[in-house]
Protein chains: 4
Amino acid sequence: MSRQPSPAARCIAVIGGSSAPPEVTRAAETVGRELARAGADLVCGGLGGVMEAACRGAREAGGFTIGILPGEDRREANPWVACAIPTGLGHFRNFLVVRAADGVIALPGASGTLSEAAMARTLGKPVVTVLQATGEWTVPGVLAAGSAVEAVRLILEAIPGRPPHAGGPP
Amino acid sequence: MSRQPSPAARCIAVIGGSSAPPEVTRAAETVGRELARAGADLVCGGLGGVMEAACRGAREAGGFTIGILPGEDRREANPWVACAIPTGLGHFRNFLVVRAADGVIALPGASGTLSEAAMARTLGKPVVTVLQATGEWTVPGVLAAGSAVEAVRLILEAIPGRPPHAGGPP
Amino acid sequence: MSRQPSPAARCIAVIGGSSAPPEVTRAAETVGRELARAGADLVCGGLGGVMEAACRGAREAGGFTIGILPGEDRREANPWVACAIPTGLGHFRNFLVVRAADGVIALPGASGTLSEAAMARTLGKPVVTVLQATGEWTVPGVLAAGSAVEAVRLILEAIPGRPPHAGGPP
Amino acid sequence: MSRQPSPAARCIAVIGGSSAPPEVTRAAETVGRELARAGADLVCGGLGGVMEAACRGAREAGGFTIGILPGEDRREANPWVACAIPTGLGHFRNFLVVRAADGVIALPGASGTLSEAAMARTLGKPVVTVLQATGEWTVPGVLAAGSAVEAVRLILEAIPGRPPHAGGPP
């Protein structure tokens, strides 16, 4: 049984490939779990791969998950999405994912992931990468985490004006 | 304590003015309550007036509410929004509200409400009006309900391919 | 040979059905021609019916025409569109059409036309209807013109802070 | 006197920083000029820096330029934009710039430029960089040109299904 979302909770976008190797999905699942334990909501693009693994990790730890979908049918959401938002906007919905978040954790993906990470920086939102998510790409202000657990700690510290969360879910 | 949202639940948009007279907010609150009792999620623009009254009615009856916000700060959501999605898109977020829904219940509002109702019809989604929501305007396919309770019944019947919900929350 | 567009020129959206009876396309063509004669650019959804007729009238009178397209291929534009903008946004591009304009002339259409007219009012832009474009619908601030020629005169007078154009193309 | 745009012409997005050092604006101006000479239209974000320099180069060589603006006022366009499209979408208009183009030439910029280049690749459009536009970032399918002149040649060759243009403006 998952907890309720809360406008007072921090909301973190988890981005990455819609298909991913086991090393990456394991990291994504850990990210989701740690976000839930820290009381943060998770927003993502709602599909498979990194998105599904992160949602599964979050929900199994009692967290809340939002999927902003490219298509028009909420049933395209992965089964761990608690709240599905179909948009019909295709890849344009990438920008809505980062807009809806206070900060972004990027796992390895393709150019769609990169467009989301770069847009997050354009909007002034903190971005933390795990597993060299963005390859040889570097952008000022993007932090590289050594592990999934560290990524969650770094992103929650980086959100401006909000102290890191002290304990478990509120 | 509200229930969880579910991708399997129907999701109904409630639209109307961001400020509204008591007669209208009472009807909006009833719409929200009846949607919750029927096991449907509620999506709206997340601000005041009709949106706030509908969310309050839904949450107090254990329902789930989504607010797709025009601005960039989730704290602009009314306090009864369970899941707030800031978009930074201004009035363009109206489109996302109706896109995210299976059907629309329209209460009285101004031109923003009308743009949402018309866009819903353009997207082929059923629209039910309460209290002559759209004034002298008529569009084929928009149903006029005699009461808030009837509006919820009509919209759930009008959603294609899904039988009306038989009982209480799932 | 058409003139160049100009950021200094007024830009008027012409909206209406993508298929239309001869009476309506004749009025749309006149609207396009009169806009061109007044030195105003024309923006529309770029497809057939009212949009094509208005573009044809404008181009034949030396005007400039912009088509903001729902699809991803500029070749879906009607042949009288001078500048085609494919968006891939589907019906959502309706809002971009009115956003790009200083004012809107509405000819008869279906709910898509109505959503554009209502969004224009929401954005504070003047709207003039021709041939009872919006049926039984009335919204404060929408002016009804008795003819296509009058519609162009009314919309140019209604644009705030800009005097009606005195003569031919600049 | 500029030529007319044409739906049959290729349309190339030029992206890069809204402020830029002289080396970069010189390259942008050359890109604009060479696009015009090849008969291609130019689309950009419509503001200063790389965008303004590219538009100036294109217009002075008789080309056509489109500016898709972040704000609501067409007067924010640089003076070399022939056709200004205000959107009110802020940074989200980046997406529309690349969507409207057949291919993208990227000059140095910040994260906004990177988000556009990455989104272009996500949409399957060819991207050519000039002056190491994207720093240490590499993405499969992005071509690096040794000069502005070469960039125009490479992008026109890379557009699928359309042979490189044989001569001057049509």
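For the structure, check the block above.
All residue numbers here refer to positions counted from 1 along the written sequence of the relevant chain. Written order determines the labels here, with chains lettered from A and ligands numbered from 1. Side-chain atom pairs in this predicted model are given and counted only at pLDDT of 80 or more, local residue features only at pLDDT of at least 70, and totals for whole chains, interfaces and linings cover all residues. Each side-chain value is worked out from all heavy atoms of the structure, with water and hydrogens disregarded.

Draft legend 1. Quick look at the overall build of chain A. Elements are defined by DSSP. Helices are runs of H or I of four residues or more, strands are runs of E of two residues or more, and each kind is numbered from the N terminus. Assigned secondary structure in chain A consists of five helices and seven strands. Each helix and strand of chain A, placed in order from N terminus to C terminus, yields the pattern β-α-β-α-β-β-α-β-α-β-β-α. Going through the 170 residues of chain A one by one, you find that 65% of them count as buried. Carbon and sulfur atoms form 53% of the exposed surface of chain A, whose accessible area is close to 5,700 Å². Working definition: with a 1.4 Å probe on protein chains only, accessible area under 20% of the residue-type maximum means buried, over 50% means exposed, and in between means partly exposed. Using a 1.4 Å probe, the Shrake-Rupley method yields the accessible areas, and only the shown protein chains count as cover for residues.

Draft legend 2. Structural detail: the packing of aromatic side chains. Here the aromatic set is Phe, Tyr and Trp, taking the six-membered ring for Trp, and pairing holds for ring centres within 6.5 Å; pairs whose planes are under 30 degrees apart are stacked, those over 60 apart are edge-to-face, and all others are tilted. Scanning all chains against the criterion turns up twelve aromatic pairs over all chains. Taken together, a centroid distance of 5.8 Å and an interplanar angle of 40 degrees make the contact between Phe-64 of chain A and Phe-64 of chain B tilted. One end of the pair, Phe-64 of chain A, is in the loop between α2 (50-60) and β3 (65-69); the other, Phe-64 of chain B, is in the loop between α2 (50-60) and β3 (65-69), on a second chain. Phe-64 of chain A gets classed as buried once you look at its relative accessible area, which sits at 0%. Geometrically, the ring pair formed by Phe-92 of chain C and Phe-95 of chain C is edge-to-face, given 6.1 Å between the ring centres and 75 degrees between the ring planes. Note on accessibility: Phe-92 of chain C and Phe-95 of chain C belong to one class, buried. Following the ring pairs from residue to residue traces out a cluster consisting of Phe-92 and Phe-95 of chain A together with Phe-92 and Phe-95 of chain D.

Draft legend 3. Up close: the pattern of salt bridges. All names here are of chain A. When a carboxyl oxygen of Asp or Glu lies within 4 Å of a side-chain nitrogen of Lys or Arg, that pair is called a salt bridge. If you walk through the whole model with that rule in mind, you get 32 salt bridges over all chains. Between Glu-34 and Arg-33 there is a salt bridge, with its nearest N and O atoms 3.1 Å apart. A relative accessible area of 16% means that Glu-34 is categorised as buried. Residue classification places Arg-33 among the partly exposed residues on the basis of a relative accessible area of 29%.

Draft legend 4. Looking closely at the state of the cysteines. To count as a disulfide, a pair of cysteine sulfur atoms needs to be within 2.5 Å. The full count for this structure, using the stated rule, is zero disulfides over all chains. Free of any disulfide, Cys-83 of chain A has its nearest neighbouring cysteine sulfur in Cys-83 of chain B, separated by 3.8 Å. Residue classification places Cys-83 of chain A among the buried residues on the basis of a relative accessible area of 1%. As a non-bridged cysteine, Cys-11 of chain D has Cys-83 of chain C as the owner of its nearest cysteine sulfur, 7.5 Å distant.

Draft legend 5. Quick look at the environment of Gly-46 of chain B. All names here are of chain B. Assignment of secondary structure puts Gly-46 in the loop between β2 (41-44) and α2. As a C-alpha pair, Gly-46 and Glu-76 span 30 residues in sequence and 7.9 Å in three-dimensional space. When residues no more than four places from it in sequence are discounted, the contact partners of Gly-46 are Met-51, Gly-67, Ile-68, Leu-69, Glu-76, Ala-77, Asn-78 and Val-81. We call two residues contacting when some pair of their heavy atoms lies within 4.5 Å.

Draft legend 6. Quick peek at the nonpolar core. Formed by 100 residues in total, the largest nonpolar core has its most connected members in Ile-66 of chain C together with Ile-66 of chain D. Non-local contacts of Ile-66 of chain D, meaning those with residues more than four positions away in its chain, are made with Cys-83 and Ile-85 of chain C together with Cys-11, Leu-42, Val-43, Cys-44, Val-81, Cys-83 and Ile-85 of chain D. The set of buried Ala, Val, Leu, Ile, Met, Phe, Trp, Tyr and Cys residues whose side-chain atoms join them within 4.5 Å is what this entry labels a nonpolar core.

Draft legend 7. Inspection of helix α4 (residues 111-122) of chain A at higher detail. Under the 1.5 Å per step criterion, the end-to-end length of α4 of chain A is 16 Å for twelve residues, consistent within 8% with the ideal 16 Å. A large share of α4 of chain A lies buried, amounting to eleven of its twelve residues. Looking only at α4 of chain A, the buried set comprises Ser-111, Gly-112, Thr-113, Leu-114, Ser-115, Glu-116, Ala-117, Ala-118, Met-119, Ala-120 and Thr-122 of chain A. Where α4 of chain A is buried, its residues contact β1 (11-15), α3 (93-99), β5 (103-106) and β6 (127-130) of chain A together with α3 (93-99) and α4 (111-122) of chain D. With its phi angle positive at about 80 degrees, Gly-124 of chain A sits one or two positions after the end of α4 of chain A. Take the residue count of a helix, subtract one, and multiply by 1.5 Å to get its expected span.

Draft legend 8. The sheet that holds strand β4 (residues 83-86) of chain D, seen in detail. All names here are of chain D. Note: two strands are recorded as paired if DSSP finds a minimum of 2 bridges between them. Read from one edge of the open sheet, seven strands run β4-β3-β2-β1-β5-β6-β7, paired in parallel fashion. The sheet is open, and its two edges are formed by β4 and β7 (142-145), each paired on a single side. In this sheet, adjacent strand axes meet at a mean angle of 25 degrees when their direction is disregarded. The angle between two axes is taken between their N-to-C directions and runs from 0 to 180 degrees, where each axis is a line fitted to C-alpha atoms and a helix contributes only its stretch in contact. Across the sheet, helix α1 (residues 22-37) lies against β1 (11-15), β2 (41-44) and β5 (103-106), angled at about 180 degrees from β1, the strand it touches most. Running over the sheet, helix α5 (residues 148-158) touches β1, β5, β6 (127-130) and β7 and is turned about 175 degrees from β6.

Draft legend 9. Representation of the sheet that holds strand β5 (residues 103-106) of chain B within the structure. Residue and element names in this part refer to chain B. In space, the seven strands of this open sheet follow the order β4-β3-β2-β1-β5-β6-β7, with parallel pairing throughout. The open sheet has two edge strands with one neighbour each: β4 (83-86) and β7 (142-145). Pairs of neighbouring strands in the sheet enclose a mean axial angle of 25 degrees, with direction left out of account. Contacting β1 (11-15), β2 and β3, α2 crosses the sheet at an angle of about 165 degrees to β2.

Draft legend 10. Molecular detail of the packing of α1 of chain D against helix α2 (residues 50-60) of chain D. Residue and element names in this part refer to chain D. Direction vectors running N to C along α1 and α2 enclose 35 degrees, while the axes themselves pass 6 Å from each other. The two elements α1 and α2 meet at a crossing, and its hand is right-handed. Listed contacts from α2 to Val-24, Thr-25, Ala-28, Glu-29, Gly-32, Arg-33 and Ala-36 of α1 are Val-50, Ala-53, Ala-54, Arg-56, Gly-57, Ala-58 and Glu-60. The handedness criterion is simple: a crossing whose near helix is rotated anticlockwise from the far helix by less than a right angle is left-handed, and one whose near helix is rotated clockwise is right-handed.

Draft legend 11. Fine view of the pairing of β4 of chain B. Residue and element names in this part refer to chain B. The alternating pattern of β4 places Cys-83 and Ile-85 on one face and Ala-84 and Pro-86 on the opposite face, and all of these are buried. As defined by bridge partners, β3 adjoins β4 across four bridges and the pair is classed as parallel. By the bridge assignment, Gly-67 is partnered in β4 with Ala-84.

Draft legend 12. View of the environment of Asp-41 of chain B. Its location among the elements puts Asp-41 of chain B in strand β2. In this structure the C-alpha to C-alpha distance between Asp-41 of chain B and Ala-101 of chain B, which are 60 residues apart in sequence, comes to 9.1 Å.

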